[in-house]
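# Summary of structural features
Chain by chain, the residues:
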Amino acid sequence: MTQPAPAVIILLGPPGAGKGTQARMLEEDFGLIQLSTGDLLRAAVARGTPAGLAAKAVMEAGALVSDDIVLAILKDRMAEPDVARGVTLDGFPRTRGQAEALDALLAASGQRVTAAVSLEVDDAAMVDRIAGRHTCATCGEGYHDSFKQPAVAGVCDKCGGTAFKRRADDKAETVAARLAAYHAETAPLIAYYAAKGVLDRVDAMGPIPDIRAALARIVGGVAA
Ligand code: AP5
């Protein structure tokens, strides 16, 4: 009997839409591996690899890193064995070129995008969301000063860590550049996936558990 192809879920949305928050929840709910190109790039910057050195200034300016660099990092990660469980792509693809390269990469192993979900939000609210964001320095669990606090103040719910960090590109002026890049380069992918018949839209302005439930209905209906 042939095995069903692993699910490939794409989360589209501007900075602060909740892609990372919901991708981590899809990992808990469905075992789908969260694959964030932003996290992979930040790890490359921290390690000082050639890709990281090339990406650092671009990310700090809020612009998009070149397709060549992002695709090289993405392909390496997609080749790791845990990806066979299925993935949620968080922050990828972000350009038409990346979307077409993903289609080709998946087609080479008989796969295709299972669902692309557009998390729909108001730009104005995104600056508040991003300004309050911080993550556990130990396990990376995400929090927000107002919207998602740990049960015990200063202690990570997931791992008990007590150190938290904030991102270098979460300044108001950089967030404006990131929003502009989203509208110019990434928002057109909503039509790209609609034309392929795999697009769902979710109102992502509500509480995190409501969005989690909406995504669970979508992913539960299509994931192997
Ligand atoms: P990346 O790391 O992908 O950042 P982003 O797309 O700007 O998205 P964010 O991580 O800021 O937001 P999110 O949607 O994940 O929201 P989150 O869940 O954290 O990219 C960073 C940079 O890397 C880019 O600018 C670019 O330079 C480069 N890059 C990355 N991928 C690339 C690619 N493919 N091509 C080229 N360049 C690339 O939520 C935000 C906050 O809000 C959190 O505190 C959370 O707790 C809170 N929150 C979440 N949901 C809700 C809710 N419903 N209500 C209230 N608060 C909420």
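So, here's what we can say about the structure. (Residues numbered from 1 in each chain as written. Predicted model: local features only at pLDDT ≥ 70, side-chain atom pairs only at ≥ 80, totals over all residues. Heavy atoms only, no water.)

Turning our attention to the sheet that holds strand β4 (residues 115-120). Read from one edge of the open sheet, five strands run β2-β3-β1-β4-β8, paired in parallel fashion. Both edges of this open sheet fall to β2 (33-36) and β8 (199-203), since each of them pairs with a single strand only. Averaged over all adjacent pairs, the angle separating strand axes in this sheet is 25°, with direction ignored. Pairing analysis gives five bridges linking β4 to β8, with the strands arranged parallel. Along β8, the bridge assignment pairs L119 with V202. Sitting on the sheet, helix α2 (residues 37-47) touches β2 and β3 (87-90), and the angle it makes with β2 is about 60°. Against the sheet, helix α4 (residues 67-78) makes contact with β2 and β3, and its axis sits at roughly 165° relative to β2, the strand it touches most. (Pairing = 2+ DSSP bridges. Helix = DSSP H or I, 4+ residues; strand = E, 2+ residues; numbered from the N terminus. Axes fitted to C-alpha atoms, helices over the stretch in contact; angles between N-to-C directions. Contact = heavy atoms within 4.5 Å.)

Now for the packing of aromatic side chains. By the definition in use, this model includes two aromatic pairs. With 5.8 Å between their ring centres and 75° between their planes, Y143 and F164 make a pair best called edge-to-face. Note that Y143 is positioned in strand β6 (residues 142-144) and F164 in strand β7 (residues 164-165), a separation of 21 residues in sequence. Under the relative-accessibility criterion, Y143 is labelled buried at 3%. On the numbers, 5.0 Å between centres and 90° between planes, the contact of Y192 with Y193 is edge-to-face. A relative accessible area of 10% places Y192 in the buried class. Residue classification places Y193 among the buried residues on the basis of a relative accessible area of 0%. The ring of Y143 carries the charged tip of K148 above its face, separated from the ring centre by 4.8 Å. (Phe/Tyr/Trp six-rings, centres within 6.5 Å; stacked < 30°, edge-to-face > 60°. Buried < 20%, exposed > 50% of the residue type's maximum accessible area, 1.4 Å probe, protein only. Lys NZ or Arg CZ within 6 Å of the ring centre and 35° of its normal.)

Right, let's get into the site of the ligand. Close to the ligand lie 34 residues, the nearest being T21, A63, R94, R133 and R178. Within the side chain of R129, one N or O atom sits 3.4 Å away from a nitrogen atom of the ligand. Take Y143: an N or O atom from its main chain is 2.9 Å from an oxygen atom of the ligand. For the ligand, the accessible surface in isolation is 1000 Å², of which the surrounding protein chains cover 96%. At the level of elements, α1 (19-30), α2, β6 and α9 (208-222) are the ones that each hand at least two residues to the shell around the ligand. (Near = heavy atom within 4 Å. Polar contact = N/O pair within 3.5 Å; in protein donor to acceptor, adjacent residues only side chain to side chain. Areas by Shrake-Rupley, 256 points an atom, 1.4 Å probe, with all protein chains shown as cover.)

As a further point, take the sheet that holds β6. One key point about sheets: their strands pair by backbone hydrogen bonds, in either a parallel or an antiparallel sense. The strand order across the open sheet formed by three strands is β6-β5-β7, and the pairing between neighbours is antiparallel. Of all the strands in the sheet, just β6 and β7 have a single pairing partner and so form its edges. Bridge count for strand β5 (residues 133-136) against β7 is two bridges, and the pairing is antiparallel. Note that in β7 the partner of C136 across the bridge is F164.

Of all six residues that make up β4, five are buried, and the element is covered over most of its length. Bridge count for strand β1 (residues 8-12) against β4 is four bridges, and the pairing is parallel. Within β4, the position partnered with L12 by the bridge is S118.

Attention now moves to the environment of R85. Structurally, R85 is set in the loop between α4 and β3. On the basis of relative accessible area, R85 is assigned to the exposed category, the value being 52%. Sequence-wise, R85 and H134 are 49 residues apart; in three dimensions their C-alpha atoms are separated by 28 Å. Sequence-distant contacts of R85, that is, excluding residues within four places in its chain, are made with P6, G31, L32 and I33. Looking at R85, its side chain comes within polar contact range of the main-chain oxygen of G31, at 3.4 Å.

Packed helices, taken two at a time, are described by the angle their axes make and the gap between the axes. The geometry of helix α7 (residues 172-186) relative to helix α8 (residues 188-195) is characterised by a closest axis approach of 5 Å and an angle of 35° between their N-to-C directions. Residues Y182, H183, A184, E185 and T186 of α7 form the contact with α8, whose own contacting residues are P188, L189 and I190. Looking at side-chain class alone, the contact of α7 with α8 contains five nonpolar, two polar and one charged residues. (Nonpolar A, V, L, I, M, F, W, Y, C, P; charged D, E, K, R; others polar.)

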